[in-house]
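Results of the structural survey
The primary structure of each chain is shown beneath.
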Amino acid sequence: MIRRFFLALSLAAASVLPSQAEELTTPTQDILLTVSGEIGNTNTENAATFDLAMLKALPSRSFETTTVWTEGPQTFEGVALHDLLAAIDASGATLIASAINDYSVEIPAEDAVADGPIVAYHLNGETMSVRNKGPLWIVYPYDQKNEYQTETIYARSIWQLDRIKVAK
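Residues numbered from 1 in each chain as written. Predicted model: local features only at pLDDT ≥ 70, side-chain atom pairs only at ≥ 80, totals over all residues. Heavy atoms only, no water.

1. Remarks on the overall build of the protein
Each helix and strand in the protein was counted, giving 4 helices and 10 strands. Secondary structure elements of the protein, listed N to C terminal, follow the sequence α-β-β-α-β-β-α-β-β-β-β-β-α-β. When the 168 residues of the protein are sorted by exposure, 44% land in the buried category. When contacts within the protein are restricted to residue pairs at least 6 apart in sequence, those whose partners lie at least 24 apart make up 60%. (Helix = DSSP H or I, 4+ residues; strand = E, 2+ residues; numbered from the N terminus. Buried < 20%, exposed > 50% of the residue type's maximum accessible area, 1.4 Å probe, protein only. Contact = heavy atoms within 4.5 Å.)

Structure representation (C-alpha cells):
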C-alpha cells in the first residue's frame, strides 16, 4: 500500500514538473516499438516510436537468467523498462503491452524498477528474430528474486512485443 502511495506521489510530481527526458529523434529504420497513451515525450502524433538504433541509444542493461521457455541460462540485453518509461515521460499506472499477433498483457507500472524487467533486443548477443521471440521481449531477471518466479510474472513476459500503451 505504501509502495503504491509513493508511486502515485512520484507520478503526480512528474506530471507537475517539467520533463527531463531528452527530445526523441525520428526513427530512420523499421519501427520496432510504438508507445502511446499517458506519455509526455513523443516523436509522432501522440506516440513515441523507436527503431533498434534508438532503443540501443538508451541506457542498456543485461543479465543472465533461466526462463521457462528456454533451456539453460540465457543472456538478455536491452533497455530497462524503467529507463524506457523515463525517456518518454510516462505517467500512467498500467502498461498494456501488445505483440505483433495482437496478444496483450497488463503490466503494473510499479514493475518498472531499475533492476527489474528489460525490453530485450538481444538474446545471447544476437538480435532476436520473430521466429525466436523477437524482435523485442519483455524479460524479468527471474533468477534474481523469488517474486519473479511466479505465473503472474511469467504471464507479463511478452515476446514479439511491438506496442505499449501507458494507461492511468
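Having put the structure on the table, let's press on.
2. Considerations on the confidence of the model for the protein
Parts of the prediction with low pLDDT should not have their coordinates interpreted in detail. Model confidence for the protein is summarised by a mean pLDDT of 90, while 88% of its residues fall at 70 or above. Overall, residues 1-19 carries pLDDT values under 50, and its contacts beyond four positions in sequence, including any with other chains, amount to 8 contacts. (pLDDT = per-residue confidence, 0-100.)

3. Let's talk about the nonpolar core
Within the largest apolar cluster, 46 residues are counted, with the highest numbers of intra-cluster contacts made by Leu33, Phe50, Leu84, Ile88, Leu161 and Ile164. In terms of residue count, strand S7 (residues 118-123) provides more of this core than any other element does, 5 residues in total. Contacts of Leu161, omitting those with residues within four sequence positions, involve Leu32, Leu33, Ala97, Ser98, Ala99, Val119, Leu136 and Ile138. (Core = buried A, V, L, I, M, F, W, Y, C linked by side-chain atoms within 4.5 Å.)

4. Focus on unusual backbone geometry
Each neighbour pair has its own omega, and for Gly134 with Pro135 the value is 5°, a cis peptide bond. Structurally, Pro135 is set in the loop between strand S8 (126-127) and strand S9 (137-139). We note that Gln160 has phi near 55°; this positive angle belongs to a residue other than glycine. By the element assignment, Gln160 lies in the loop between helix H4 (151-156) and strand S10 (161-167).

5. A short note on the pattern of salt bridges
Summed over the entire model, instances satisfying the criterion amount to 5 salt bridges. For Asp111, the salt bridge goes to Arg156, with nearest N and O atoms at 2.7 Å. With a gap of 45 residues between them, Asp111 in the loop between strand S6 (104-108) and S7 and Arg156 in helix H4 connect regions that are remote in the sequence. Grouping residues by exposure puts Asp111 and Arg156 together as buried. (Salt bridge = Lys/Arg side-chain N within 4 Å of Asp/Glu carboxyl O.)

6. Some words on the pairing of strand S2 (residues 47-51)
Summarising burial for S2: 5 of the 5 residues are buried, a large majority. By the alternation rule, side chains of S2 split into Ala47, Thr49 and Asp51 and Ala48 and Phe50, which are all buried. Of the strand pairs in this sheet, strand S1 (residues 31-37) and S2 are connected by 5 bridges, and their pairing is antiparallel. In the sheet register, Val35 faces S2, and the bridge partner there is Ala48. (Pairing = 2+ DSSP bridges.)

7. Quick word on the sheet that holds strand S5 (residues 94-99)
Taken in spatial order, the 5 strands line up as S2-S1-S10-S5-S6 in an open sheet, and their pairing is mixed. The outermost strands of the open sheet, each flanked by one partner alone, are S2 and S6. Between one strand axis and the next, the sheet turns by 20° as a mean value, whatever way the strands run. Alignment of S5 against S6, held across 5 bridges, turns out to be antiparallel. Within the sheet, the bridge partner assigned to Thr94 lies in S6 and is Pro108. (Axes fitted to C-alpha atoms, helices over the stretch in contact; angles between N-to-C directions.)

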